[in-house]
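Chain by chain, the residues:
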Amino acid sequence: MPTDSEKILERIKIQFIKYWIDKNLVHQKNFNYSRTSYGMKHIFSSDTGVYVTNDEFKIAMREMGYEAKDKKALNHIYRVSESKSKAFHYADGSPRYEL
């Protein structure tokens, strides 16, 4: 069972993820099968230097209005624009690929 301090830290991290999502991801009509919650959490960590869990990232995505294709899946797929999301491109516009 998490302590009160651990719960507070998790909420602060989720708020920070939500801020990053707002600045770096763009909704689209169709699901993007090229990106998962697991891959995007790594992009977030690379950008910010902050480690987050896949579950923390999924909570933040849900709270930001991104609906997962399969909520029971380990790694969620969302309706996220590959071409319009800053997170998937470097400053010069070249594509950013995460392993």
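Residues numbered from 1 in each chain as written. Predicted model: local features only at pLDDT ≥ 70, side-chain atom pairs only at ≥ 80, totals over all residues. Heavy atoms only, no water.

1. A word on the pattern of salt bridges
Selection criterion: Take a side-chain nitrogen of Lys or Arg and a carboxyl oxygen of Asp or Glu: if they are within 4 Å of each other, that pair is a salt bridge. The numbering of helices and of strands both runs from the N terminus, where a helix is a DSSP run of H or I of at least 4 residues and a strand a run of E of at least 2. Only protein chains enter the calculation, and the probe is 1.4 Å; a residue is then buried if its accessible area is under 20% of its type maximum, exposed if over 50%, and partly exposed in between.
In total, this model carries seven salt bridges according to the counting rule given. Measuring nitrogen to oxygen at the nearest pair gives 3.1 Å for the salt bridge that ties Lys-18 to Glu-63. Of this pair, Lys-18 sits in helix H1 (residues 4–24) while Glu-63 is found in helix H3 (residues 54–63), placing the two residues 45 residues apart along the sequence. Given a relative accessible area of 17%, Lys-18 falls into the buried group. One connected set of salt bridges, linked through shared partners, spans Arg-11, Lys-18 and Glu-63.

2. Some remarks on the environment of Arg-11
Worth spelling out the cut-off: Contacts between residues were defined by any pair of non-hydrogen atoms, one from each residue, lying within 4.5 Å.
For Arg-11, the position within the fold is in helix H1. Considering only alpha carbons, one finds Arg-11 and Glu-56, 45 residues apart in sequence, at a separation of 8.7 Å. When sequence neighbours within four positions are dropped, the list of residues in contact with Arg-11 reads Ile-59 and Glu-63.

3. Some words on H1
This is how it is decided: Multiply 1.5 Å by the residue count of a helix minus one, and that product is the helix's expected span. The directions from the helix axis to the C-beta atoms form the arc being described.
Given a rise of 1.5 Å per residue, 21 residues ought to cover 30 Å, and the 30 Å separating the end C-alpha atoms of H1 matches this to within 8%. Among the residues making up H1, those that are buried are Lys-13, Ile-14, Ile-17, Lys-18, Trp-20, Ile-21 and Asn-24. What you see down the axis of H1 is that its buried residues fit within an arc of 165°, all on one side. Exposed positions of H1 whose direction lies more than 90 degrees from the buried face are Asp-4, Ser-5, Ile-8, Ile-12 and Tyr-19. Contacts from the buried residues of H1 go to helix H2 (37–48) and H3.

4. Quick look at the nonpolar core
For soluble globular proteins, the rule of thumb is that nonpolar side chains tend to be buried together. Test applied: Only buried residues count toward a nonpolar core, which is a set of Ala, Val, Leu, Ile, Met, Phe, Trp, Tyr and Cys residues joined through side-chain atoms within 4.5 Å.
Grouped together as the largest cluster of nonpolar side chains are 18 residues, with contacts concentrated most on Trp-20, Ile-21, Leu-25, Phe-57 and Met-61. Of all the secondary structure elements, the ones that give two or more residues to this core are H1, H2 and H3. It is H1 that contributes the most residues to this core, four residues altogether. For Met-61, the contacting residues outside a window of four places in its chain are Ile-21, Leu-25, Met-40, Tyr-66, Tyr-78 and Val-80.

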